[in-house]
Amino acid sequence: MTHDGDAGVPGSLARVLAEVAAERAAQDERWGMQELPDGTGGARTTAESDLARQETATAAKDGALTWRHVLAEEVLEAFAEADPDRLRAELIQVAAVAVKWAQALDRRPTGLEQCPVGLEQGPAGSDQRRDVLGRPSADSAAASPDRFRAIVDVHVVLLRGDELLLARRSGTGYGDGLWHLPSGHLEEGEPATDGAAREAAEELGVTIDPADLTFAHVMHRAPDRVGLFFTTGKWTGEPYNAEPHKCSEIAWWPVHALPADMIDYPAAAIANILGRIPFAQHHWSTSP
């Protein structure tokens, strides 16, 4: 019997692989192409691999097999391999199992599907399932595999008179040696101002009341990034390099004389803030 990989759901495999590709692109944008040692092989990893195989076999025999068992076995088998060719083969198996697990989650009924809900006409006359509060249910989103999801990052412009604070990146795999604003990814369920205050605390050791952050600019960066920029002149504590493993130094710079060796998009965002331009697109083919 042959299989197309979709497990009865047309387009399932392509959807998950597209999401994997998007995540890989996001990792490369943040960390660059990393060259790290494998750190695999050895008696300890071999023993852990053997134990995982035994646990999986026992669970299967008892009718209690889970995706955790299967993926853990594949991961630990990869950890036990020191030979690069065999390690690569094991990693491919790890990736394949992870994709199959994601597809299984996509096929799984949600709680809302298991209880009565109404169907309403969505855009272009399509049926859209809604929950008891009238909101589109989770399965409606899952039924739209082409719906775009952006990665949101937050940036903090600390102002001291006519100066702002920048940090020189180091050891991150992205923009190392270049100046950047304090910034980072917005976490799930986190308000944007809370995320910006958190990043400032993590990178500079200062405490900022989110209410003291003023929205200044939003930038849509190709292909999947949305950057939110906030300014503030109020914080508690003296800024210092709180993440020396990611930053080699911090320094105050005149807002109208930024360093030449600065990452391009925050430099562009600062220029837009000074020009009171609230929105910009960056690195799109249609951008100026």
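Residues numbered from 1 in each chain as written. Predicted model: local features only at pLDDT ≥ 70, side-chain atom pairs only at ≥ 80, totals over all residues. Heavy atoms only, no water.

(A) Examining the side chain of Thr 56 more closely. Summarising the element assignment, Thr 56 is placed in helix 2 (residues 43-61). The class for Thr 56 is buried, based on a relative accessible area of 10%. When neighbours within four sequence positions are excluded, Thr 56 is seen to be in contact with Leu 65, His 69 and Glu 73. (Helix = DSSP H or I, 4+ residues; strand = E, 2+ residues; numbered from the N terminus. Buried < 20%, exposed > 50% of the residue type's maximum accessible area, 1.4 Å probe, protein only. Contact = heavy atoms within 4.5 Å.)

(B) Representation of unusual backbone geometry. Residues Ala 222 and Pro 223 are joined by a peptide bond in cis, for which omega reads 0 degrees. In this structure, Pro 223 sits in the loop between strand 7 (214-221) and strand 8 (225-232). The phi dihedral of Arg 276 falls on the positive side, at around 55 degrees, and the residue is not glycine. Inspection of the secondary structure puts Arg 276 in the loop between helix 7 (264-274) and strand 10 (279-282).

(C) Representation of the packing of helix 2 against helix 3 (residues 67-79) within the structure. For the pair helix 2 and helix 3, interaxial distance at closest approach is 8 Å and the crossing angle is 160 degrees. By the angle class used here, helix 2 and helix 3 are roughly antiparallel. The chirality of how helix 2 crosses helix 3 is left-handed. Contact residues: Thr 45, Glu 48, Ser 49, Ala 52, Arg 53, Glu 55, Thr 56 and Ala 59 in helix 2; Arg 68, His 69, Ala 72, Glu 73, Leu 76, Glu 77 and Phe 79 in helix 3. Here the contact of helix 2 with helix 3 is composed, by residue class, of five nonpolar, four polar and six charged. (Axes fitted to C-alpha atoms, helices over the stretch in contact; angles between N-to-C directions. Parallel < 35°, antiparallel > 145°, perpendicular 65-115°, else oblique. Left-handed = near helix turned anticlockwise from the far one by under 90°. Nonpolar A, V, L, I, M, F, W, Y, C, P; charged D, E, K, R; others polar.)

(D) Helix 1 (residues 12-31), seen in detail. Between its first and last C-alpha, helix 1 extends 29 Å over 20 residues, near the 28 Å set by a 1.5 Å rise per residue. Those residues of helix 1 that sit buried are Ser 12, Arg 15, Val 16, Ala 26 and Glu 29. An end-on view of helix 1 places all buried positions within 140 degrees of arc, on one side of the element. Of the residues trailing helix 1, Gly 32 is marked for its positive phi of about 75 degrees. (Expected span 1.5 Å × (residues − 1). Arc of directions from axis to C-beta.)

(E) Region of the structure containing the pairing of strand 7. Inspection of the sheet shows strand 7 paired to strand 8 by seven bridges, in the antiparallel sense. Following the sheet pairing, His 220 is matched in strand 8 by Val 226. Hairpin geometry of strand 7 and strand 8 is characterised by an intervening segment of three residues between the two adjacent antiparallel strands. Both strand 7 and strand 10 contribute to a ladder of four bridges, which runs parallel. (Pairing = 2+ DSSP bridges.)

(F) A look at the environment of Phe 79. Along the chain, Phe 79 falls in helix 3. A C-alpha to C-alpha distance of 7.8 Å links Phe 79 and Ser 49, two positions 30 residues apart in sequence. Aside from chain neighbours lying at most four places away, what touches Phe 79 is Thr 40, Gly 41 and Thr 45.

(G) The arrangement of the packing of helix 3 against helix 4 (residues 84-107) in detail. Two elements in contact, helix 3 and helix 4, have axes separated by 8 Å at closest approach and are oriented at 165 degrees. What the angle tells us is that helix 3 and helix 4 run roughly antiparallel. Along this stretch, helix 3 crosses helix 4, giving a crossing that reads as left-handed. Within the contact between the two elements, helix 3 uses Trp 67, Arg 68, Val 70, Leu 71, Glu 74, Val 75, Glu 77 and Ala 78 and helix 4 uses Leu 87, Glu 90, Leu 91, Gln 93, Val 94, Val 97, Ala 98, Lys 100, Trp 101 and Ala 104. Of the residues in the contact of helix 3 with helix 4, the class split is 12 nonpolar, one polar and five charged.

(H) Examining the pattern of salt bridges more closely. Scanning the entire structure with this criterion turns up 16 salt bridges. Between Arg 68 and Glu 55 there is a salt bridge; the shortest N-O distance is 3.2 Å. One end of the pair, Arg 68, is in helix 3; the other, Glu 55, is in helix 2, and 13 residues separate them in sequence. When its relative accessible area of 37% is taken as the criterion, Glu 55 is described as partly exposed. Overlapping salt bridges bring together Glu 187, Glu 190, Arg 198, Glu 199 and Glu 202 as one network. (Salt bridge = Lys/Arg side-chain N within 4 Å of Asp/Glu carboxyl O.)

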